[in-house]
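Descriptive structure summary
Residues per chain are reported as follows:
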Amino acid sequence: MIDVTYLERLFLNRREDLHLRLGDIGDLLEYGNPNRNDVITFTKYVLELAIAEENFEVKESLFYLLMNAVTFQGVARNVEWEPLADVLPTLEDAILIYALTILGFSKNRKFIKVIEPYLHSPNDSIRETAAEALEEINYYVEGSP
């Protein structure tokens, strides 16, 4: 179910299988056909949770939800990603890769300067992801769909 209330209940009754339940929601985002406005509202709420989450496994699951929302539901341009850009330096590499990709899908030029420093990361995957994110933004800027 792509519903903020359902997600709130999951976090209130936080169980050991929370990350698995989040994975199920990710599958709904990938394979389902939820209401677009619900997905946008849901994604905004997930972003807040993801930034605040301290448990790595749960945080990674939340970022998986965000990736599925932008990849399969196409809501990247309907969410304000500034809070995500602000926390990039605090993210672990596995989650940073999700975050850079999401910022690229936003197609927002204001994130170019935020992404560019990651082109010099010692981590190959982060460098590649940053380059792909910038390509995504520049592809859109050059007048492509």
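Residues numbered from 1 in each chain as written. Predicted model: local features only at pLDDT ≥ 70, side-chain atom pairs only at ≥ 80, totals over all residues. Heavy atoms only, no water.

From N to C terminus, the chain includes eight helices and zero strands. Starting at the N terminus and ending at the C terminus, the chain contains elements arranged as α-α-α-α-α-α-α-α. What you see for the chain is a C-alpha radius of gyration of 15 Å, in line with the 15 Å of a compact globule of 145 residues. Here the chain holds 145 residues, and the buried ones make up 44% of them. (Helix = DSSP H or I, 4+ residues; strand = E, 2+ residues; numbered from the N terminus. Rg over C-alpha atoms; globule rule 2.2 N^0.38 Å. Buried < 20%, exposed > 50% of the residue type's maximum accessible area, 1.4 Å probe, protein only.)

The subject of this paragraph is the nonpolar core. Membership of the largest hydrophobic core comes to 49 residues, with the highest contact counts inside it found for Leu 7, Leu 22, Trp 81 and Leu 84. At the level of elements, helix H1 (4-12), helix H2 (18-31), helix H3 (36-52), helix H4 (56-72), helix H5 (82-87), helix H6 (93-105), helix H7 (112-115) and helix H8 (124-141) are the ones that each hand at least two residues to this core. The residues contacting Trp 81, other than those within four sequence positions of it, are Thr 43, Leu 47, Leu 66, Val 70, Ala 76, Ile 102, Leu 103, Ser 106 and Phe 111. (Core = buried A, V, L, I, M, F, W, Y, C linked by side-chain atoms within 4.5 Å. Contact = heavy atoms within 4.5 Å.)

Okay, unusual backbone geometry next. For Lys 107, which is not glycine, the phi torsion reads 65° and is therefore positive. With respect to the element layout, Lys 107 can be found in the loop between H6 and H7. On the accessibility criterion, Lys 107 (14% relative accessible area) is buried.

Another aspect to go through is the packing of H1 against H2. At a closest axis distance of 10 Å, the pairing of H1 and H2 adopts a crossing angle of 165°. By the angle between their axes, H1 is roughly antiparallel relative to H2. Judged by the sense of rotation from one axis to the other, the crossing of H1 with H2 is left-handed. Every residue of H2 that contacts H1 at Tyr 6, Leu 7, Leu 10 and Phe 11 is listed here: Leu 18, Arg 21, Leu 22 and Ile 25. When grouped by side-chain class, the residues that make up the contact of H1 with H2 number seven nonpolar, no polar and one charged. (Axes fitted to C-alpha atoms, helices over the stretch in contact; angles between N-to-C directions. Parallel < 35°, antiparallel > 145°, perpendicular 65-115°, else oblique. Left-handed = near helix turned anticlockwise from the far one by under 90°. Nonpolar A, V, L, I, M, F, W, Y, C, P; charged D, E, K, R; others polar.)

What follows deals with the side chain of Lys 59. Here Lys 59 lies in helix H4. Comment: no salt bridge for buried Lys 59; closest opposite-charge side chain is Glu 53, at 7.6 Å. Side-chain polar atoms of Lys 59 contact the backbone oxygen of Ala 50, separated by 2.7 Å. Among all residues touching Lys 59, those that are not within four sequence positions of it are Ala 50, Ile 51, Glu 53, Leu 91 and Ile 95. (Lys, Arg positive; Asp, Glu negative; His and termini not counted. Salt bridge = Lys/Arg side-chain N within 4 Å of Asp/Glu carboxyl O. Polar contact = N/O pair within 3.5 Å; in protein donor to acceptor, adjacent residues only side chain to side chain.)

Okay, the packing of H3 against H4 next. The geometry of H3 relative to H4 is characterised by a closest axis approach of 9 Å and an angle of 150° between their N-to-C directions. In this view, H3 runs roughly antiparallel relative to H4, as classed from their interaxial angle. Here H3 runs over H4; the crossing is left-handed. On H4, the residues touching Val 39, Phe 42, Thr 43, Val 46, Leu 47, Leu 49, Ala 50 and Ile 51 of H3 are Lys 59, Leu 62, Phe 63, Leu 65, Leu 66 and Ala 69. For the contact of H3 with H4, the per-class residue count stands at twelve nonpolar, one polar and one charged.

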